[in-house]
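Secondary and tertiary structure notes
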Amino acid sequence: MDKSSKIYVAGHRGLVGSAILKKLKEKGYTNLVYQTSKELDLRNKEAVDQFFLSEKPQYVFLAAAKVGGIVANNEYPADFIRDNLLIQTNIIDSSYNNNVNKLLFLGSTCIYPKLAPQPLKEEYLLTGELESTNEPYAIAKIAGIKMCQSYNRQYGTKYISAMPTNLYGPNDNFDLQTSHVLPALLRKFHEAKENKAPYVEMWGTGTPKREFLYSDDLADACIFLMNNYVGDEIVNIGVGEDITIKELGEKVKAVVGYQGEIRFDKSKPDGTPRKLVDVSKINQLGWSAETTLENGLGKAYKWFLENEIATVK
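Note that the coordinates shown come from a computational prediction; the quantities given were computed from them, not determined experimentally. (Residues numbered from 1 in each chain as written. Predicted model: local features only at pLDDT ≥ 70, side-chain atom pairs only at ≥ 80, totals over all residues. Heavy atoms only, no water.)

The subject of this paragraph is the nonpolar core. Residues Ile20, Leu24, Phe61, Ile91, Leu225 and Ile237 are the most contacted members of the largest nonpolar core, which totals 72 residues. At eight residues, the largest contribution of residues to this core is made by helix H7 (residues 215–228). Grouped together as the second largest cluster of nonpolar side chains are 24 residues, Met202, Leu248, Val256 and Phe304 included. (Core = buried A, V, L, I, M, F, W, Y, C linked by side-chain atoms within 4.5 Å. Buried < 20%, exposed > 50% of the residue type's maximum accessible area, 1.4 Å probe, protein only. Helix = DSSP H or I, 4+ residues; strand = E, 2+ residues; numbered from the N terminus.)

If you want it as structure tokens, here you go:
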């Protein structure tokens, strides 16, 4: 991409899209287009077609999606599969119809089979059953991957797909009912500190292991792939190491400055025992993550205090 190339960031207000937009500006890209969901409903094909026809972007970062944790995926499965299929189908097809040079589609590591070997390699896609709690979302994302590959094969397009691991950072969702584990813990520990609660309760046994990537690192990886990678094969984005949920709780406790204890409700589900991605492919291409979990947690908590605190009190 040239610094003056017209670049469309779909989903620019979310965790991923906002990080990509910020990173593009930092790197000197000046011709950026984006619209809020109120201005442009990406589920509406006519509206998306009109947007692409009038704006004619050259590059597209498809970071728009309906996302959420286990609770949200369980309660709204129809919304997750429908909205994500509509959003990605409309953007990918409009990109083709308006001669977009290149598109990057963002998936998720939940596309991999529930019992796939660890770490998760790109070739494990479609080799086993999915985790049932987020299957509708995962199937929508797999459809997006296959749509990009199919357009490449039939039309000669340059559409690539990246699979980020668990993400956190500014503009995350801190709602305890719909958020992912890390932002939920930041909020829980903060509220416990404010309320001088004697303990914080975490779900499960604390033994499952998870990998966490700071959103600024993901954004950097996405821009790197847009500039350096062409191919049908998906590319994992992660840090290449994981920690237990118990260890995560201890790190969040330290960052927040909470003085109480951590208790585990072992009647609650643990979820998948481990979900670590193999990042050897993107590392070999020349990119690796830079932000440590401790530094990232500090930045995420600072953002939470500055931007979300009003909703907590």
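Here the narrative resumes, following the displayed structure.
Our next topic: the pattern of salt bridges. Considering all chains together, one arrives at 19 salt bridges under this definition. For aspartate 49, the salt bridge goes to lysine 45, with nearest N and O atoms at 3.0 Å. Of the two residues, aspartate 49 and lysine 45 are both situated in helix H2 (residues 45–55); the distance of four residues between them amounts to about one turn of the helix. Residue classification places aspartate 49 among the partly exposed residues on the basis of a relative accessible area of 26%. With a relative accessible area of 41%, lysine 45 lands in the partly exposed category. Note that lysine 209 and aspartate 242 form a salt bridge whose closest N and O atoms lie 3.7 Å from each other. One end of the pair, lysine 209, is in strand E8 (residues 209–210); the other, aspartate 242, is in the loop between strand E10 (235–237) and strand E11 (243–244), and 33 residues separate them in sequence. The class of aspartate 242 is buried, set by a relative accessible area of 13%. Shared partners join several salt bridges into a network, and the residues in it are Asp41, Arg43, Asp79, Arg82 and Asp83. (Salt bridge = Lys/Arg side-chain N within 4 Å of Asp/Glu carboxyl O.)

Burial analysis of strand E4 (residues 102–106) places five of its five residues in the buried class, which makes it a mostly covered element. The side-chain alternation of E4 yields two buried faces, one formed by Lys102, Leu104 and Leu106 and the other by Leu103 and Phe105. Pairing analysis gives four bridges linking strand E3 (residues 59–62) to E4, with the strands arranged parallel. Looking at the pairing, tyrosine 59 lines up with lysine 102 of E4. (Pairing = 2+ DSSP bridges.)

Let us now look at the sheet that holds E8. The mixed open sheet is built from three strands, whose spatial order is E11-E8-E13. In this open sheet, the two edge strands, each paired with only one partner strand, are E11 and strand E13 (274–275). Here E8 runs beside E13; their pairing, made up of two bridges, is parallel. From the neighbouring strand, arginine 210 faces E13, where its bridge partner is lysine 275.

Turning our eyes to something else, we now look at the state of the cysteines. Two cysteines whose sulfur atoms are joined by a covalent bond form what is called a disulfide. Considering all chains together, one arrives at zero disulfides under this definition. The closest cysteine sulfur to the non-disulfide-bonded cysteine 110 is located on cysteine 148, 16 Å from its own sulfur. With relative accessibility at 6%, the residue cysteine 110 sits in the buried group. Note on cysteine 148: no disulfide assigned, nearest cysteine sulfur contributed by cysteine 222 at a separation of 13 Å. For cysteine 148, a relative accessible area of 1% translates into the label buried. (Disulfide = S-S within 2.5 Å.)

A few words on the sheet that holds strand E5 (residues 159–164). As summarised here, the arrangement of the six strands in space is E2-E1-E3-E4-E5-E10, forming an open sheet in which the pairing is parallel. Every interior strand has two partners, whereas the edge strands, strand E2 (32–33) and E10, have only one. The pairing of E4 with E5 spans four bridges and is classified as parallel. Note that in E5 the partner of leucine 106 across the bridge is alanine 162.

Moving on, we get to the environment of glycine 231. As for its placement among the helices and strands, glycine 231 is situated in the loop between H7 and E10. A relative accessible area of 19% places glycine 231 in the buried class. Along the chain, glycine 231 and proline 113 lie 118 residues apart, while their C-alpha atoms are 22 Å from each other.

Negative phi is the rule for most residues except glycine; trans is the rule for most peptide bonds. Omega for the bond connecting glutamine 118 with proline 119 falls within 30 degrees of zero, at -5°, which places this linkage in the cis form. Note that proline 119 resides in the loop between E4 and helix H5 (135–155). Phi is positive for asparagine 99, close to 60°, though the residue is something other than glycine. By the secondary structure assignment, asparagine 99 is in the loop between helix H4 (77–97) and E4. Judged by its relative accessible area of 63%, asparagine 99 is exposed. Despite not being glycine, asparagine 171 shows a phi value in the positive range, around 65°.

Here we come to the packing of H2 against H4. For the pair H2 and H4, interaxial distance at closest approach is 9 Å and the crossing angle is 35°. Both H2 and H4 take part in a crossing whose hand is right-handed. Here H2 contributes Lys45, Val48, Asp49 and Phe52 to the contact with H4, which in turn contributes Asn90, Ile91, Asp93, Ser94 and Ser95. (Axes fitted to C-alpha atoms, helices over the stretch in contact; angles between N-to-C directions. Left-handed = near helix turned anticlockwise from the far one by under 90°. Contact = heavy atoms within 4.5 Å.)

Relative to the assigned elements, asparagine 84 resides in helix H4. Residue classification places asparagine 84 among the buried positions, given a relative accessible area of 1%. At 2.7 Å, the side chain of asparagine 84 forms a polar contact with the backbone oxygen of phenylalanine 80. When sequence neighbours within four positions are dropped, the list of residues in contact with asparagine 84 reads Ala65, Lys66, Asp79, Tyr137 and Ala140. (Polar contact = N/O pair within 3.5 Å; in protein donor to acceptor, adjacent residues only side chain to side chain.)

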